[in-house]
Amino acid sequence: MGHTFAQYQESADYLRTRLGSFVPKVLMILGSGLGFLGDEVEDAVAVSYPDIPHFKPSTAPGHKGRLVFGTLRGRPVAVMQGRMHHYEGYSYEEVAYAVRVLRLLGAETLIVTNAAGCVNTAWSAGDLMLITDHIKIFMESPLRGPNLDQFGPRFPDASHLYTPRLQDLARERAQALGVPLRQGVYMYFPGPQYETPAEVHLARTLGADAVGMSTAPEVIVAGHAGMEVLGLTLLSNMAAGILDQPLSEEEVLTAAEAAKGKFSALVLACLEAL
Ligand code: HPA
């Protein structure tokens, strides 16, 4: 069953004992390749997930499993180094647990990044994409179960999950930096197997530009709790069936490493301009 509001409060209370009067205004959930930004946080307080009541450890390779609080580009942030994925065995509510805890601590904005397969055949692996919307059908919602009214309404609006103001800001910052930025729709697949070519075809037919195994649960929960959201994707590979070659985690990690410089520059510029 789901978590109670009291459990979220217990997690937040524990973190308050570690943070004193520090209020993390921005939660950053950084996908493959960008976790290193957590190491650049100044005056950092790092808290491992197992130390936080009701938190689950992250098991994904290359993810550290801790929250780093402090200042980045002059902004009070909490950086999640390592996110939870449904394919690791967590419920969707567990995947997004930290978002609600950070909301209780005062976070108003979620910046979320990920690596994803590129579905749009006019684009290339290595491109960056601003997420304008997502498709998360077939799977249950992280909001399933008794509604926690303290966070938001039973039937939350999802017309603007990815905050238009922050989309504008990202486009402006990308242009100013000279970083080309695609924009499009992210379609969530639960994984852990990559999609089949037929599923990629389906995604494209439905209007998706990218396919990935994260982000949508956290964004739904953030939207429910009234947070502003900015989502940025590294299109790490062409999605299955587009090129005549198998997909591998190695390809994703290599692309993430190669894009690290421009991706982190864009994320930091957006953070600074919030
Ligand atoms: N599909 C789903 N998730 C991904 C992909 C992909 O092709 N690449 C990186 N994450």
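Everything in this summary refers to the structure shown in the same document. (Residues numbered from 1 in each chain as written. Predicted model: local features only at pLDDT ≥ 70, side-chain atom pairs only at ≥ 80, totals over all residues. Heavy atoms only, no water.)

## Some details on the site of the ligand
Looking at the ligand, the residues that line it are Ala115, Ala116, Gly117, Tyr194, Glu195, Val211, Gly212, Met213, Ser236, Asn237, Leu247 and Val252. Between Ala115 and the ligand, the recorded distance is 3.3 Å, taken from a backbone N or O atom to a nitrogen atom. At a separation of 2.7 Å, a nitrogen atom of the ligand approaches a polar side-chain atom of Asn237. Contact with the protein chains removes 94% of the 260 Å² of surface that the ligand exposes when unbound. (Near = heavy atom within 4 Å. Polar contact = N/O pair within 3.5 Å; in protein donor to acceptor, adjacent residues only side chain to side chain. Areas by Shrake-Rupley, 256 points an atom, 1.4 Å probe, with all protein chains shown as cover.)

## Quick word on the pairing of strand S6 (residues 128-135)
In terms of burial, S6 is largely enclosed, as six of its eight residues are buried. Here S6 pairs with strand S7 (residues 181-188) via seven bridges, running parallel. Bridged to Leu130 within S7 is Gln183. Direction of pairing for S6 relative to strand S9 (residues 228-238): antiparallel, over a ladder of three bridges. Counterpart to Leu130 in the pairing with S9 is Leu232. (Buried < 20%, exposed > 50% of the residue type's maximum accessible area, 1.4 Å probe, protein only. Helix = DSSP H or I, 4+ residues; strand = E, 2+ residues; numbered from the N terminus. Pairing = 2+ DSSP bridges.)

## Let's talk about the environment of Ala46
Relative to the assigned elements, Ala46 resides in strand S2 (residues 42-48). Overall, Ala46 belongs to the partly exposed group, its relative accessible area being 33%. Placed 22 residues apart in sequence, Ala46 and Val68 show a C-alpha to C-alpha distance of 4.3 Å. Contact partners of Ala46, with chain neighbours within four places excluded, come to Arg18, Arg66, Leu67 and Val68. (Contact = heavy atoms within 4.5 Å.)

## Topic: the packing of aromatic side chains
How two aromatic rings sit relative to each other is given by the distance of their centres and the angle of their planes. On inspection of all chains with the given rule, the structure shows six aromatic pairs. For the pair Phe5 and Phe151, a centre-to-centre distance of 5.3 Å together with 65 degrees between the ring planes defines the contact as edge-to-face. With Phe5 in helix H1 (residues 5-19) and Phe151 in the loop between S6 and helix H4 (164-177), the pair connects residues that are 146 residues apart, well separated along the chain. When sorted by exposure, Phe5 lands in the same class as Phe151, which is buried. (Phe/Tyr/Trp six-rings, centres within 6.5 Å; stacked < 30°, edge-to-face > 60°.)

## Here's the deal with the side chain of Arg100
Within the secondary structure layout, Arg100 lies in helix H3 (residues 97-104). A polar contact of 3.3 Å, which involves the side chain of Arg100, links it to the side chain of Tyr8.

## Brief notes about the pairing of strand S4 (residues 75-81)
Burial analysis of S4 places five of its seven residues in the buried class, which makes it a mostly covered element. As defined by bridge partners, strand S1 (residues 26-30) adjoins S4 across five bridges and the pair is classed as parallel. Counterpart to Val26 in the pairing with S4 is Val77. In terms of strand pairing, strand S3 (residues 66-72) meets S4 through seven bridges, oriented antiparallel. The residue of S4 that forms the bridge with Thr71 is Pro76. Here S3 folds back onto S4 in antiparallel fashion, the turn holding two residues, of which Arg73 has a positive phi close to 50 degrees.

## Comments concerning helix H7 (residues 249-273)
Of all the bends in H7, the largest measures some 60 degrees and sits at Lys260. Listing the buried residues of H7 in full gives Val252, Ala255, Ala256, Ala259, Phe263, Ser264, Leu266, Val267, Leu268, Ala269, Cys270 and Leu271. (Bend = angle between axes of the 7 residues up to and from the residue.)

## Section: the pattern of salt bridges
Tallied over the entire structure, the rule returns twelve salt bridges. The salt bridge involving Arg16 is made with Asp13; its shortest N-O contact spans 2.7 Å. A residue pair is termed a helical-turn pair when its members lie 3 or 4 positions apart in one helix, as Arg16 and Asp13 do in helix H1 at three residues. By relative accessible area, Arg16 is classed as partly exposed at 38%. A residue is classified by how much of its surface remains accessible, and Asp13, at 42% relative accessible area, is partly exposed. A salt bridge links Glu108 to Lys25; the shortest N-O distance between them is 3.2 Å. (Salt bridge = Lys/Arg side-chain N within 4 Å of Asp/Glu carboxyl O.)

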